[in-house]
Amino acid sequence: MVKVKKVLAQTYIWLVLLLMYLPVLVLIVFSFTTAKQVGQWSGFSFGLYKNLLTSREIWVAVGNTFIIAFTSAFVSVVLGSIGALGSFYSKKKWQSLYDNVTQIPIVNAEIVMALSLCVMFTFIGTYVFHNEIASYWTLLIGHVVLSIPFVYISVKPKLQQMDPSVYEAALDLGATPMQALRKVIIPEIMPGVLSGFLLAITLSLDDFVITQFTRGAGLLSGNSQIETISTYVQSHIAKRPVPPELRALTTIIFLIVVVAVIIITIRNIHKSKQAKVRKGRD
Amino acid sequence: MEKENCIISLQGVSKIFDGQTVVDNISLDITKGEFVTILGPSGCGKTMTLRMIAGFEIPSEGKILLNGEDITKIPPYKRPINTVFQRYALFPYLDVYDNVAFGLKLKKIPVPQVDKKGNPILDKNGEQVIKMKHLSPKDIDQKVARALRIVDLEELEDRDISTLSGGQQQRVAIARAIVNEPEILLLDEPLGALDLKMRKEMQLELKDMHKKLGITFIYVTHDQEEALTMSDTIVVMKGGNIEQVGSPMDIYNEPRNAYVANFIGESNIYGGTMTAKLKVRFLNHVFDCVDDFPVNEKVDVVVRPEDVILTKIEGKKDQKDICQGVITEKIFKGVHFEYLVEVGKSEITVQDTRNREIGDIVKIDIEPDNIHIMKVDLTVNTFLDAWIDKENRVRISEQPFDVDVTQLLPNSTLDEEGYLIAANGKKYDLNDADVIAEVGLSNIEIIDGYDNGQCNGVIVSIIYKGDHYQIMVRTDEEEEFVVDTMYSWNENDLVSISIKPEDIKLTIKGDIAKYEVQ
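These figures come from a predicted structure and were not determined experimentally.

### Here's the deal with the overall build of chain A
Here's step 1: Summing up its helical and strand segments, chain A has 11 helices and 0 strands in all.
Here's step 2: The order of helices and strands in chain A, counted from the N terminus, is α-α-α-α-α-α-α-α-α-α-α.
Here's step 3: In terms of C-alpha radius of gyration, chain A reaches 24 Å, well past the compact-globule figure of 19 Å for 282 residues.
Here's step 4: Taking the principal axes of the C-alpha coordinates as reference, chain A spans close to 70 × 70 × 50 Å.
Here's step 5: Of all 282 residues assigned to chain A, the portion counted as buried reaches 28%.

If you want it as C-alpha cells, here you go:
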C-alpha cells in the first residue's frame, strides 16, 4: 500500500514537470529543423542558428531588450528599496497607506498603466517640450514604473522580519547612521533586493504592453522605433508565420537560464564547505 | 551637587513621548564601578531612562552628564557606552566572531606618528602628529578572543547566530558589548527570554563579570529577585518617577512607601493609624513600634511574612488584649510553611517553620523593630484589600460602591451576564477578584447623617490645611477615608460618604488572566 502511494506521488510530480517542460522540449527539438511551419520536420540542421547569427534585426531586438531590462531593473531596485526603507521608518498609519498604494499597480491591468503613461508623455511632449518625447527615456520610465512595486514588496518583508533594534545596536557599537545602513540594514535586506532585481528583469524582458505604448526611437534601433524581442515577435506574428529563427533564439535563452541556475547552485554548495579565514591570526 | 566618582548623572531629566510623559523630572547620580539596577513594572519609564543614557532618545528636558561632561545630545556612536539589548539584536548574517568584532572594526584610535627611524614626526607647532587609525587585524583578533573567553564561547566562534541557543545568543550579545571596553554597560532586561535555571546561572555570571571588568553596569529589570541578587544599588521607578534609591538591604528593610514594599519581596501591607506615641493600630490591634510619627496620622505599615511570630492558643480571647487569627491556608514551601491567617476582616501571610493545621487559632506577635511604618503620601485614598462582588461593584471595607470595572482592561465591555469581555474576545469573571482601589481626596463627598450615602462612618479628625479641611472618616468596619473638603464638620459627627463611580480607580492584584472564563 505504502509502495503504491509512493509510486503515485512520484508519477504525479513527473507529470507536472512534464507538462511544464514539454513545450520547451518541443521547441528545442524543432529549433534543429528549418521548416517554416511549426510541426513540420524537414530534416536535422543547424540552419536556424546560422540564420540567427546573420539576422541583424533579431540581434538589435535582443540587445535593446537586455539594455532596457538591466537599466530599468537597476533604477527600480534603487528607488524601490529606498521607498521600502522610507515607508518602514515612517509612522504606522502612513505605513499601511504606502503599502496599499504600492499594491494597486500590481493588481491593476497593465493596459491602464500603459495608456496613462502614453497620454501623460504625449501631454508633456505637446505642452512642455513642444515636441515628441517618446524615446528610450520614456520607455525606461515605463519599465521602472512597472517593476518598482515588485521591488517594494520583495524588500519590505525583509525589513519587517528584521529585529528593529539591530540598527540601534550598530549605532551603539560605534557605527554612524550611514555605516549602520551599509553594514547592517543593507546586508539584512539584500536577499529581498536581489529577488526584486530578478523580478524586475523578468518583468521587463517579456513586457509588451508598456513597451508598445511608451517606446520611441533610439538605442540600437537608431532612428527607428526601438524594437524589443516582444515587439519584434508581435510585429511578425501579425504577418505570419513566426520567423523560425526565433525557435533557435528562445532555445539559446532557455539554455542560458539553465546554465546560470546550475552555476549558482554549485557555488552555494561550495561556499558552505569553505573554511573561515580570520584576519590577524597566524 | 556632584558626587565624587560620579560617572553618570541625570539632572532633572524628563521625556515626553507621543504626548505622554514617560519619564518625569528624574535626577540620579551613579557612582563609577557600581552595579545599578533600575527596577519597576512595565511602562514605568525604566527602559526610556536607559535609552536616554545610551543616546537613542534625547531628553525633552534636563541634562545627562558623563564624567561631568554634558552628553545629552551626543549621538550613541560617540558615547563610551554599550548596550546589551532585550532581544539581543545580534546581526544574523554575521557569525559569532564577526558579531563580536563589529564594534572593533569600526573603532579608530589615535596613533602617534613616527618616521622610519622611530623618531616622532612633529608638526609645525612642535607637537607630535597623531593620526586616527583602525585597529590592526591582530589587535582585533586578540580582543575578540578575550571577550569570547570571558563569556565562555571560544568554541563557537564560527557558528551562525541562528544555530545558537538563547543563552548562547545572550553571551554573544554581552561579548559584543564588552569587547569595546565601554565605561558603562547598559543591560535592558537581558535575561527575560531565558528559562529560570539559565537565568539564575547568568545572574551569578553577570555579577562575576561585573567584578572582573570593574566597569559600571546599569541593569533594567522588572524582576525584584534579580535586582536584589545582583545590584549594589537599586533604583525603584513608578510612573516615570523614582520612588526610592538604595542598597538592596535598605530597600528591602526600609521601603519608603507601600508601593516599594509591595514591589520588593513578599509583604503584608496595611493602612494603619498612630494611636499614641510609638503605638500603631492595624489588624484591629494596637502594636508597639519604633518609628515616631504624629498621633492620629494615617500611615502604611509593612510586615514581612518571615517576621510574624505565631503562637497557638486555645479558644478565642478578647481582641483588645491580643491579636489573634485563624489559619485558613497552608502551603509547604520546603524550608518553611506559608500560612494565611485571617484576622477579623484582614489577612496576614506568615512564613513559619512549625507545622500547624488549618483552623488553628493563633496569637500574632510582631517585634516592634519588624513593624515598618511609612509616611503616606496623601494624594489618594488607597484601599489595598478591595474586591469586586457579583454585581461588579467594588467592595471597600465590605461596603459596595458602584464602579466602572471595564477600566481594568483597555477597550473591554460588559456583556448582559456581567462578564468582562476583552477587546480580543476573552471573557473574564471578576466575582471575588482582588483589586486595589484608589479614590482622590477631593472625590469623596461627605453627607450629613447615616444611610444617606454608600457607606456610614464617624468623623475622627479634622485638619485645617490652609484653604481646605482634611477630614478623616472612620467607617463602622474600621476603614478610613480621607477627604479634602471646603466645608467644616465636627469631630464625632455621624456621616455618610458617597463616591461617584468614575472617580474610583481600580488596579487588579496579580494577573487578570486568572479570572478568565474558559
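Read on for the rest.
### Side note on the pairing of strand β11 (residues 233-238) of chain B
Residue and element names in this part refer to chain B.
Here's step 1: Within β11, 5 of the 6 residues are buried, leaving the element largely enclosed by the surrounding structure.
Here's step 2: As judged from the 4 bridges shared by strand β3 (residues 35-39) and β11, these two strands associate in the parallel manner. Paired with Leu39 across the bridge in β11 is Val236.
Here's step 3: Sheet topology places β11 next to strand β12 (residues 241-246); 5 bridges connect them, and they run antiparallel. Counterpart to Met237 in the pairing with β12 is Ile242.
Here's step 4: The antiparallel pairing of β11 with β12 creates a hairpin that spans 2 residues between the two strands, and Gly239 there sits at a positive phi of about 50 degrees.

### Concerning helix α7 (residues 165-172) of chain A
All names here are of chain A.
Here's step 1: Burial analysis of α7 places 7 of its 8 residues in the buried class, which makes it a mostly covered element.
Here's step 2: Buried within α7 we find Val166, Tyr167, Glu168, Ala169, Ala170, Leu171 and Asp172.
Here's step 3: Immediately beyond the C-terminal end of α7, within one or two residues, lies Gly174, with a positive phi of roughly 110 degrees.

### Concerning the nonpolar core
One broad trend across soluble globular proteins is that nonpolar side chains are buried collectively.
All names here are of chain B.
Here's step 1: Core analysis: the largest hydrophobic core is formed by 131 residues, its most contacted members being Val100, Ala175 and Ile218.
Here's step 2: Among all residues touching Ile218, those that are not within four sequence positions of it are Ile30, Val36, Ile38, Leu50, Ile53, Ile184 and Leu186.
Here's step 3: Counting residues in each nonpolar core, the second largest holds 30 residues, with Ala433, Cys455, Ile499 and Leu506 among its members.

### What to know about the sheet that holds strand β24 (residues 394-396) of chain B
Through backbone hydrogen bonds, the strands of a sheet pair up, either in parallel or in antiparallel fashion.
Residue and element names in this part refer to chain B.
Here's step 1: An order of β25-β24-β23-β29-β35 is seen for the 5 strands of this open sheet, with the pairing classed as antiparallel. Here the strands that pair on one side only, and so sit at the sheet edges, are β25 (399-401) and β35 (504-508). Direction aside, neighbouring strands of the sheet carry axes that sit 40 degrees apart on average.

### Brief notes about the sheet that holds strand β14 (residues 279-282) of chain B
All names here are of chain B.
Here's step 1: If you trace the 5 strands from one edge of the open sheet to the other, you get β15-β14-β13-β16-β22, paired in antiparallel fashion. Because the sheet does not close on itself, it has two edges, and the strands there are β15 (285-288) and β22 (372-375). Taken over all neighbouring pairs, the strand axes of this sheet differ in orientation by 40 degrees on average, direction set aside.
Here's step 2: Of the pairings in the sheet, the one linking strand β16 (residues 298-303) to β22 comprises 4 bridges and is antiparallel in character. Looking at β22, one finds that Val299 is bridged to Lys375.

### A short note on the environment of B:Glu226
Residues and elements named next belong to chain B.
Here's step 1: Within the secondary structure layout, Glu226 lies in helix α6 (residues 224-230).
Here's step 2: Separated by 79 residues in sequence, Glu226 and Pro305 place their C-alpha atoms 20 Å apart.
Here's step 3: Once you skip the residues sitting within four places of it in the chain, Glu226 turns out to touch Leu191, Gln203 and Thr221.

### Some details on the packing of helix α2 (residues 96-106) of chain B against helix α4 (residues 166-178) of chain B
Angle between the axes and distance between the axes are the two parameters that describe a pair of packed helices.
Residue and element names in this part refer to chain B.
Here's step 1: Between α2 and α4, whose axes approach to 7 Å, the crossing angle comes to 30 degrees. Between α2 and α4, the angle falls in the class roughly parallel. In this structure, the crossing between α2 and α4 has a hand that is right-handed. From α2, Val96, Asn99, Val100, Phe102 and Gly103 reach across to α4, where they touch Val172, Ala175 and Arg176.
Here's step 2: Tallied by class, residues from the contact of α2 with α4 come to 5 nonpolar, 2 polar and 1 charged.

### A word on the interface of chain B and chain A
Many structure descriptions define interface size as the accessible area lost when the parts assemble.
Here's step 1: Counting residues at the interface gives 24 residues for chain B and 20 residues for chain A.
Here's step 2: Partitioned by chemical class, the residues of the side of chain B that touches chain A number 13 nonpolar, 5 polar and 6 charged.

### Looking at the pairing of β3(B)
Residues and elements named next belong to chain B.
Here's step 1: Burial analysis of β3 places 5 of its 5 residues in the buried class, which makes it a mostly covered element.
Here's step 2: The side-chain alternation of β3 yields two buried faces, one formed by Phe35, Thr37 and Leu39 and the other by Val36 and Ile38.
Here's step 3: Sheet topology places β3 next to strand β10 (residues 216-221); 5 bridges connect them, and they run parallel. Directly across from Ile38, in β10, lies its bridge partner Val220.

What counts and how
- Residues numbered from 1 in each chain as written.
- Chains lettered and ligands numbered in written order.
- Predicted model: local features only at pLDDT ≥ 70, side-chain atom pairs only at ≥ 80, totals over all residues.
- Helix = DSSP H or I, 4+ residues; strand = E, 2+ residues; numbered from the N terminus.
- Rg over C-alpha atoms; globule rule 2.2 N^0.38 Å.
- Buried ≥ 20, exposed ≤ 12 C-beta atoms within 10 Å, placed from the backbone.
- Pairing = 2+ DSSP bridges.
- Core = buried A, V, L, I, M, F, W, Y, C linked by C-beta atoms within 7 Å.
- Contact = placed C-beta atoms within 7 Å.
- Axes fitted to C-alpha atoms, helices over the stretch in contact; angles between N-to-C directions.
- Parallel < 35°, antiparallel > 145°, perpendicular 65-115°, else oblique.
- Left-handed = near helix turned anticlockwise from the far one by under 90°.
- Nonpolar A, V, L, I, M, F, W, Y, C, P; charged D, E, K, R; others polar.

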